[in-house]
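# Observations on the three-dimensional arrangement
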Amino acid sequence: IARPPNAFIIFRSDFWAAEKLKPQPVERNNADISRIVGHCWNSMDAAQKKVYYDRAAQLREMHRLRYPDYRLKPAARRPRAQKLKSGVVIEKEERCRRLASAIIGEAHQLDFNSPS
């Protein structure tokens, strides 16, 4: 049984659905899309995010009703060595930050508050 999506996952899904409709999406690489969406999410104010938190709460309640005995039982995680970011990764993050800034600048064309 899959967990219900959180507010950020719902926002990311809406963001990507809107991007796919464009003739030239801003990005096709999922890792970069997540970085861009993360920057956009962090720049949103609480009122804009509230729409997604409300939808997440609704989906969580529907999930609870559908699967009343569901309990999250995450597997134990092995400790991992911390990775150092290479120059390529840092450049990608900077590129994604610039793309997100451009998208935020065009926010008057995007309506983050309308559910898709």
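Residues numbered from 1 in each chain as written. Predicted model: local features only at pLDDT ≥ 70, side-chain atom pairs only at ≥ 80, totals over all residues. Heavy atoms only, no water.

An unreviewed UniProt entry lists the protein under the name High mobility group box domain-containing protein, with Ephemerocybe angulata given as the organism.

### Some thoughts on the packing of helix α1 (residues 7-21) against helix α2 (residues 30-43)
In contact at an axis separation of 10 Å, α1 and α2 are set at 115 degrees when each is read in the N-to-C sense. By the angle class used here, α1 and α2 are roughly perpendicular. The way α1 lies across α2 gives a crossing that is right-handed. Counting all contacts with α1, which are made through Ala7, Phe8, Phe11, Arg12, Phe15 and Trp16, the residues of α2 involved are Asn30, Ile33, Ser34, Ile36, Val37, Gly38, Cys40 and Trp41. (Axes fitted to C-alpha atoms, helices over the stretch in contact; angles between N-to-C directions. Helix = DSSP H or I, 4+ residues; strand = E, 2+ residues; numbered from the N terminus. Parallel < 35°, antiparallel > 145°, perpendicular 65-115°, else oblique. Left-handed = near helix turned anticlockwise from the far one by under 90°. Contact = heavy atoms within 4.5 Å.)

### Observations concerning the layout of surface pockets
The space that makes up the largest pocket amounts to roughly 260 Å³. What lines the largest pocket is a set of 13 residues, among which Arg3, Pro4, Arg60, His63 and Tyr70 lie closest to the centre. For the lining of the largest pocket, the class distribution of residues is seven nonpolar, two polar and four charged. (1 Å grid on protein atoms, 1.4 Å probe; cavity = no way out; pocket = protein on both sides within 12 Å on 5 of 7 lines; lining within 4 Å. Points joined across faces, edges and corners; volume = space filled by probe spheres on them. Nonpolar A, V, L, I, M, F, W, Y, C, P; charged D, E, K, R; others polar.)

### So, the environment of Asp14
Along the chain, Asp14 turns up in helix α1. Along the primary structure Asp14 and Tyr52 are separated by 38 residues, whereas in three dimensions their C-alpha atoms are 9.9 Å apart.

### Digging into the UniProt feature "domain: HMG box" (unreviewed entry) in the protein
Mapped onto this numbering, the UniProt entry gives "domain: HMG box" (unreviewed entry) at residues 1-71. The distance from the first to the last C-alpha atom of residues 1-71 is 10 Å, and the span holds 70% helix and 0% strand. (UniProt positions renumbered as here; feature names shortened; annotations may be inferred.)

### Some points on α1
The end-to-end C-alpha distance of α1, which contains 15 residues, comes to 22 Å, matching closely the 21 Å that a straight helix rising 1.5 Å per residue would cover. For α1, every residue scored as buried is listed here: Ala7, Ile10, Phe11, Arg12, Asp14, Phe15, Trp16 and Glu19. On its buried face, α1 is in contact with α2, α3 (46-66) and α4 (87-105). Sitting at the amino-terminal end of α1 is Asn6, which places a side-chain oxygen 3.1 Å from the backbone nitrogen of Phe8. (Expected span 1.5 Å × (residues − 1). Buried < 20%, exposed > 50% of the residue type's maximum accessible area, 1.4 Å probe, protein only. Polar contact = N/O pair within 3.5 Å; in protein donor to acceptor, adjacent residues only side chain to side chain.)

### A short note on the pattern of salt bridges
Applying the stated rule across the entire model yields eight salt bridges. Here Arg35 makes a salt bridge to Asp32, at a shortest N to O gap of 2.7 Å. Here Arg35 pairs with Asp32, and both are found in helix α2, just three residues apart, close to one helical turn. According to the relative accessible area criterion, Arg35 is partly exposed, its value standing at 24%. Assessed through its relative accessible area of 4%, Asp32 is described here as buried. (Salt bridge = Lys/Arg side-chain N within 4 Å of Asp/Glu carboxyl O.)

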